[in-house]
Amino acid sequence: MTSHFRLLIFILLITTGFRFYEKNTREPLHFSMKKEWQEITLAENKFSFLGLDSIMNHMVQLLSNELNQPRLFYCDLETAVCADGECRLARIKIYWNLLGNYVGYGIHSDEPLTKYDHDPFIKDDYDKLHRLFLDNNSVLRRKTMYELVDKVPIDPKSKEKYNDVDGLSSATKKDIADAVVKGGLYSCYTLWHLIHGEAKEKMKSYLKSIESDSLNTYFLYSDYKDYQLHALKYLSKEEFTKHSSQVTKIFKEAQPMTRTYILKKMPDEMLGQKEVSKNLYNDFASVGINSRTQLVNRLKAASDDAPSLVSNHLNILTRNQLKSYLQFFDDNPEKLTESIALKLNQAAKSKSLTYGYLVEQFLDND
Amino acid sequence: MKRLLHSIALLLVTCLAQAQEQILVEAESFINSGGWVVDPQFVQQMGSPYLMAHGMGNKVANASTKIDFKEKGIYHLWVRTKNWAPGNWEAPGRFQIAIDGKKIKQTFGTTPSWSWEYAGTTSIKSKKVEIELIDLTGFNGRCDAIYFSQENVAPPSSGEELANWRTDKLGETSEPEKTASYDLVITGGGVAGCAAAIAAAEQGLTVALIHDRPLLGGNASSEIRVHTLGIYGKYKRILQLIDTEHYPNGSFKAKYDQEKRDKNVKQYENIHLFLNWRAYDAKSDNSVVKYVDARQTATGERMRFVAPRFVDSTGDGWIGYWAGADFSYGRESANEYGEAWDEWGELWSPEEPDNFVMGSSVLWQNEKSEEESSFPELPWAMNIAMGHKAIAGEWYWEFSRNDLHQIDDAEEIRDHLLRGIYGSFANAKKLEENKFYKLQWVSYLVGKRESRRFIGDHIFTFQDVLNHTKFPDSVVQEIREIDVHFQQNLTDETKPDFLSKALFYKTEKYYIPYRSLYSRNISNLFMAGRNFSCSHVGLGGPRVMLTTGQMGAAVGLAAALCKKYNVNPRAIYTDHLEEYMNLIENNNDQSF
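Residue indices follow the written sequence of each chain, beginning from 1 at its first position. For naming, the first written chain is A and the first written ligand is 1, with later ones following in the order written. Predicted model: local features are reported for residues with pLDDT of at least 70 only, side-chain atom pairs are reported and counted for 80 or more only, and whole-chain, interface and lining totals are derived from all residues. To obtain the side-chain values, all non-hydrogen atoms of the structure were included, while hydrogens and water were left out.

Thoughts on the overall build of chain B
And step 1. Helix and strand definitions follow DSSP, with helices as H or I runs of at least four residues and strands as E runs of at least two, each counted in order from the N terminus. Within chain B, the regular secondary structure consists of 15 helices and 31 strands.
And step 2. For the radius of gyration, the atom set is restricted to C-alpha positions; the globular benchmark scales as 2.2 Å times the number of residues to the power 0.38. Relative to a compact globule of 592 residues, whose C-alpha radius of gyration would be 25 Å, chain B shows 24 Å and is just as compact.
And step 3. Along the first, second and third principal axes, the C-alpha atoms of chain B reach 75 × 60 × 45 Å.
And step 4. Relative accessibility decides the category of a residue: with a 1.4 Å probe and only protein chains considered, values under 20% of the type maximum give buried, values over 50% give exposed, and everything between is partly exposed. The buried share of chain B, taken over its 592 residues, is 64%.
And step 5. Counted over contacts in chain B with a minimum sequence separation of 6, partners at least 24 positions apart contribute 76%.
And step 6. Working note: accessible area of chain B is about 21000 Å², and carbon and sulfur atoms make up 47% of it.
And step 7. Positive and negative charge centroids in chain B, built from 64 and 77 side chains respectively, lie 5 Å apart. Any pair of residues with heavy atoms lying within 4.5 Å of one another is described as a contacting pair. Each accessible area is a Shrake-Rupley result for a 1.4 Å probe, and residues are judged covered by the shown protein chains and nothing else. Note on charges: Lys and Arg go in the positive column, Asp and Glu in the negative column, and His and the chain ends are not counted at all. Here the site of a charge means NZ on Lys, CZ on Arg, CG on Asp, or CD on Glu.

See the structure below:
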């Protein structure tokens, strides 16, 4: 490739919105994913969004790796932070994942963030800033700046003040104090809304335009819980079965809400597969109480081993779960194997089983 | 014989029934309840109001009553009770019984479900006997009934068999002793029921307001202490008679608004107030409610309430349920009414319907005293509280779980929250900084957010909020966010299961039509309160008490026009809407 041709390509890319990624200037201070930002070789301007001042526009870039696979959204923000009629500029580099969820930020070393009294943020402040940016259900979400001013207790140790409620949405003053860096309310509020506002919506819309089976496969097999849930929702029930091994792997490690989702969506034929049933019901004791309810309620669709696996954990069943479990045998007496019956008999006699009386009643009626 | 027994029961102001050798004593009918409280919340699940030793860790004073025996002799003794926190520890709610001052050896409250605990035989040496309940723990021991029998035949344990046995032993007839007729019968004296009663009474209707507690206000009462939220809409004058200040939830200040509310409702001569009366049945014929039957929660006295029209403000929707009104329960699928919100996905509205509704709360409050105080180790609370520490509760002390029904399992839900509260407080008390704190108040009433939702001619949904739909019959308006709750442990397993989070959808003003305030299939049934016609997400905003109060006031005014034209609720929308909307518009100007 001649140097002229390279120059031509470079000019073309620049004029069409492409940017070669400059790793050194984009190193995040906090980053919740792995090292995706280090794999980036390409930055493309995709869309801009309006700041809270309705004046400044901020350009969002899509960052891709050398295989041209999109991995992150990015914006080098400069915004005015205003308090009491005085405005100062704050610069911050924000990373979002492909779902538009905030994942990290960086600062320019010569432009630290500052508080209301112009003191620069210290390390703890930067750490807290990342935590509060990660909270997409922050109390900052539903408040105006006006509503927040004076809600933060002067003395954060004062329990009386913390226990007071804010008159608008029952948020305690402690909730609000927890959601901001002390002395940095205006910066936190402004930046939080830039991160979780219009930009996020535009990223979601953009994602819809590039969604594909291959991208969804990346999400499904990634280690990120929000990606996994997004991928699970994207899959049809038939595709669910195709990825049964990964789905059951996710089930083991997912948060309870995702487990609940998986068990609701999982078709009977998938749950009926011996390997799937074994994987799910083997973990019966560790999957959380709501998933246990679902597993008990789906015994009919599960493979023949499942009722026996549950019988190993009679002592952790809630009253209603135990009722459902015993009802299962009333409805499906052929599933009551000798070994399960033996365990039920032992349970009925055991003084340590809280709801043993239910088992006793079941056996008496049998 | 039954009539004779009944006379004796009335004479003693107790519900006791006596055959030659059998006596049933209902605990809630004790002449002196001492420090025990009457808890009527779970009658529909376990069969009766009961006495509970709600001492927040301090043993309560003995409850006592007197019983007439026809014959002295040896009696078998059973006590209906339960261990409310069963497990591998000593039951928390233990109590004893004394007969004429002599304690029976057995400790009660040890069986892990409502059942008759057998105490063997006891010798009754006189015909007039005093019975006492002796609390041993201060932690919610409970006694439903005591049964003496010369025969060693245990009473039925539960269900219809027990109900029939109880009716027989108490000598009750199939119908209540008294019947009374009104223009409007309102069941449920929460803010919605009170507003309905006031609005209807101001229009000249004779109203019966049946409420199962001694204090009006429901979740706003000083017994539960949730502040009223929302706007007044078109009913500011009425709602200001019964609302609250915006004190922190659980604040003792609730008592001032309680006094105001009780005084204001009682000033209406044509509101016939039945406090401590709990409805237990309603019958419909040809889709028309004919009557509501209710029982005094302590004496057991019964009354039939007849009216051309009824309001169900029970929250749980009992009147409509008994009458056969269509209702829904649980979360609809996101697609059913177009209620998805991608931002929150399954937490907001699920792809597949389920029964994971918003939970119930028990509020509690501390007091800082001059002296240090200790709080006991509570093994039965620790597996619920885990390491959580707290010295007071707020709205997010909320419990819902997918194997629990907010109505059928309400007692378990309440008890679970009590364990969370006591355990968290016990943890907090281990800290030096909390040595001067003690429990001032823990509610024993479960404050519910969501239960049955009736189906009216219109089902109010999130779409009505998104579109700010202005209906021709917009009788309720609100600007409050739609706020739907989820349990914190759904997204973070390390959190205790009794804490929730709220998701807020900010909105401009939205409206609820009158058609969501009457049943689609029971022709003379209004509903006001959380049981109005809505979806799960639709309930998220208007479930707060000024909004439900608006519903009540709207229903009360509609009932007045129903009487004027002798029509049912639907006809107000189809034939008299203009007059109705004018009546609402002008109701604030009226002076009474």
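Notes on the interface of chain A and chain B
Interface extent is often summarised as the accessible area lost during association of the parts.
And step 1. On the chain B side, the residues contacting the 44 residues of chain A number 45 residues.
And step 2. Two parts lose some accessible area (1.4 Å probe) when they are put together, and adding that loss for both gives the buried area. Of the roughly 3600 Å² buried between chain A and chain B, counting both surfaces, carbon and sulfur atoms make up 46%.
And step 3. Pairing of N or O atoms within 3.5 Å defines a polar contact, subject to two protein rules: one partner must be a possible hydrogen donor and the other a possible acceptor, and residues neighboring in sequence count only if both atoms are side-chain atoms. Our enumeration of links across chain A and chain B arrives at 21 residue pairs in polar contact (both at pLDDT 80 or more).
And step 4. Taken together, the elements giving at least two residues each to the side of chain A that touches chain B come down to helix 4 (159–163), helix 7 (198–210), helix 12 (256–265), helix 15 (289–297) and helix 17 (319–331) of chain A.
And step 5. Take the side of chain A that touches chain B: its biggest share by element is 6 residues, from helix 12 of chain A.
And step 6. Residues are grouped as follows: Ala, Val, Leu, Ile, Met, Phe, Trp, Tyr, Cys and Pro are nonpolar; Asp, Glu, Lys and Arg are charged; all remaining types, including Gly, are polar. Grouping the amino acids of the side of chain A that touches chain B by side-chain chemistry returns 9 nonpolar, 18 polar and 17 charged.

Looking at the nonpolar core
And step 1. Here, the term nonpolar core denotes a set of buried Ala, Val, Leu, Ile, Met, Phe, Trp, Tyr and Cys residues that are joined through side-chain atoms within 4.5 Å. In this structure, Leu129, Phe133, Tyr281 and Tyr325 of chain A together with Tyr580 of chain B are the most contacted members of the largest nonpolar core, which totals 175 residues.
And step 2. By size, the runner-up hydrophobic cluster in this structure holds 40 residues, among which are Ala85, Ile384, Leu417 and Ala426 of chain B.

Here's the deal with the sheet that holds strand 14 (residues 207–211) of chain B
Strands pair in a sheet through their backbones, by hydrogen bonds, and they do so in one of two ways: parallel or antiparallel.
Residues and elements named next belong to chain B.
And step 1. Should DSSP find at least two bridges between two strands, the strands are taken to pair. The strand order 15-14-13-19-31 describes an open sheet built from 5 strands, whose pairing is parallel. A single partner strand is all that each edge strand has here, and the edge strands are strand 15 (271–275) and strand 31 (525–527). For this sheet, the mean angle separating the axes of adjacent strands, direction not counted, is 20°.
And step 2. When strand 13 (residues 184–187) meets strand 14, the two strands line up parallel, connected through 4 bridges. Within strand 14, the residue paired with Ile186 across the bridge is Leu209.
And step 3. Seen against the sheet, helix 13 (residues 545–565) touches strand 13, strand 19 (309–312) and strand 31 and runs at an angle of roughly 160° to strand 31. Angular values range over 0 to 180 degrees, each being the angle between N-to-C directions of two axes fitted as lines to C-alpha atoms, with helices fitted over their stretch in contact.

Overview of the packing of helix 4 (residues 191–202) of chain B against helix 13 of chain B
Residues and elements named next belong to chain B.
And step 1. One way to put it is that helix 4 packs onto helix 13 with a least axis distance of 7 Å and a crossing angle of 30°. When the interaxial angle is binned, helix 4 and helix 13 end up roughly parallel. The chirality of how helix 4 crosses helix 13 is right-handed. For the pair helix 4 and helix 13, the contacting residues are Val191, Ala192, Ala195, Ala196, Ala199 and Ala200 in the first and Met545, Thr548, Gly549, Gly552, Ala553, Gly556 and Leu557 in the second. Orientation categories follow fixed angle ranges, with anything under 35 degrees roughly parallel, anything over 145 roughly antiparallel, 65 to 115 roughly perpendicular, and all other angles oblique. Note on convention: the crossing is left-handed when the near helix lies turned anticlockwise from the far helix by less than a right angle, right-handed when the turn is clockwise.

Overview of helix 8 (residues 213–220) of chain A
Residue and element names in this part refer to chain A.
And step 1. Taken together, the buried positions of helix 8 are occupied by Leu215, Asn216, Phe219 and Leu220. Down the axis, helix 8 shows its buried residues gathered within 140° of arc, on one side only.
And step 2. Lining the buried residues of helix 8 we find helix 7, helix 9 (225–234) and helix 11 (244–253). Taken from the helix axis, the directions to the C-beta atoms give the arc we talk about.

Let's talk about unusual backbone geometry
All names here are of chain B.
And step 1. Of note in this structure, Asn286 is not a glycine but carries a positive phi near 55°.
And step 2. Tracing the backbone shows Asn286 in the loop between strand 16 (277–285) and strand 17 (288–296).
And step 3. With phi around 50°, Asn566 is a residue other than glycine that occupies positive phi space.
And step 4. Structurally, Asn566 is set in the loop between helix 13 and helix 14 (569–575).

So, the sheet that holds strand 18 (residues 302–306) of chain B
Residues and elements named next belong to chain B.
And step 1. Taken in spatial order, the 4 strands make up an open sheet running 12-18-17-16, and their pairing is mixed. Each having just a single partner strand, strand 12 (178–181) and strand 16 make up the two edges of the open sheet. The sheet shows a mean angle of 25° between the axes of neighbouring strands, taken without regard to direction.

Considering the pairing of strand 14 of chain B
Residue and element names in this part refer to chain B.
And step 1. Judged by how many residues are buried, strand 14 sits mostly within the fold: 5 of 5 residues are covered.
And step 2. Neither face of strand 14 is open: one carries Val207, Leu209 and His211, the other Ala208 and Ile210, and all of them are buried.
And step 3. Where the polypeptide runs from strand 13 across helix 4 and back to strand 14, its parallel neighbour, the crossover connection is right-handed.
And step 4. Bridge analysis of strand 14 against strand 15 gives 5 bridges, and the strand direction is parallel. Its bridge partner lying in strand 15, Val207 is registered against Ile271. A right-handed crossover is one whose linking path, passing over the helix from the first strand to the second, runs clockwise when the strands point away from the viewer.

Here we look at the pattern of salt bridges
And step 1. Throughout this description, the term salt bridge denotes a Lys or Arg side-chain nitrogen within 4 Å of a carboxyl oxygen of Asp or Glu. Here the structure, examined in full by the defined rule, presents 62 salt bridges over all chains.
And step 2. Where Asp342 of chain B meets Lys208 of chain A, a salt bridge forms, and the shortest distance between an N and an O atom there is 3.8 Å. Taken together, the residues Asp342 of chain B in the loop between strand 20 (327–328) and helix 8 (345–348) and Lys208 of chain A in helix 7 connect one chain to another. Grouping residues by exposure puts Asp342 of chain B and Lys208 of chain A together as exposed.

Quick word on the packing of helix 11 of chain A against helix 14 (residues 274–282) of chain A
Residues and elements named next belong to chain A.
And step 1. Running from amino to carboxyl end, helix 11 crosses helix 14 at an angle of 5°, the nearest separation of the two axes being 10 Å. Viewed along their axes, helix 11 and helix 14 adopt a mutual orientation that is roughly parallel. On the side of helix 11, the interface is formed by Ser244, Thr248, Phe251 and Lys252, while helix 14 contributes Val276, Asn279 and Leu280.
And step 2. Here the contact of helix 11 with helix 14 is composed, by residue class, of 3 nonpolar, 3 polar and 1 charged.

A few points about the environment of Met145 of chain A
Residues and elements named next belong to chain A.
And step 1. Considering the arrangement of structural elements, one finds Met145 in helix 3 (residues 145–148).
And step 2. Met145 gets classed as buried once you look at its relative accessible area, which sits at 18%.
And step 3. Once the C-alpha coordinates of Met145 and Thr190 are considered, the two residues, 45 residues apart in sequence, prove to be 8.8 Å apart.
And step 4. Not counting the four nearest positions on each side in its chain, Met145 is found in contact with Leu185, Tyr186, Tyr189 and Thr190.

Structural notes on the confidence of the model for chain B
Reading fine detail from the predicted coordinates is not recommended where pLDDT is low.
And step 1. Confidence in the prediction of chain B, expressed as mean pLDDT, is 94, and 96% of residues score 70 or more.
And step 2. Predicted as a complex, the structure gets a pTM of 0.91 and an ipTM equal to 0.92. Values of pLDDT, which run from 0 to 100, indicate the predictor's confidence residue by residue.

Description of the packing of aromatic side chains
All names here are of chain B.
And step 1. Only Phe, Tyr and Trp rings are paired, with Trp represented by its six-membered ring, and only when their centres lie within 6.5 Å; those with planes under 30 degrees apart are stacked, over 60 edge-to-face, the remainder tilted. Overall, the coordinates contain 54 aromatic pairs over all chains when judged by the stated rule.
And step 2. Between Tyr75 and Phe148 the ring centres are 6.4 Å apart and the planes differ by 85°, which places this aromatic pair in the edge-to-face class. Of this pair, Tyr75 sits in strand 6 (residues 73–81) while Phe148 sits in strand 11 (residues 139–149); the two residues are 73 residues apart in sequence, bridging distant segments of the chain.
And step 3. Residue Tyr75 is classed as buried on the basis of its relative accessible area, which comes to 1%.
And step 4. For Phe148, a relative accessible area of 1% puts it in the buried group.
And step 5. Put simply, the rings of Trp84, Phe139, Trp364, Phe375, Trp380, Trp397, Tyr422, Phe425 and Phe498 touch in pairs and so form one group of aromatic residues.

Some words on the environment of Ala201 of chain B
Residue and element names in this part refer to chain B.
And step 1. One can find Ala201 in helix 4.
And step 2. Here Ala201 falls in the buried class, since its relative accessible area comes to 6%.
And step 3. As for Ala201 and Leu557, which are separated by 356 residues in sequence, their C-alpha atoms are 9.0 Å apart.
And step 4. Among residues more than four places away in sequence, those in contact with Ala201 are Val207, Tyr268, Asn270 and Ile271.

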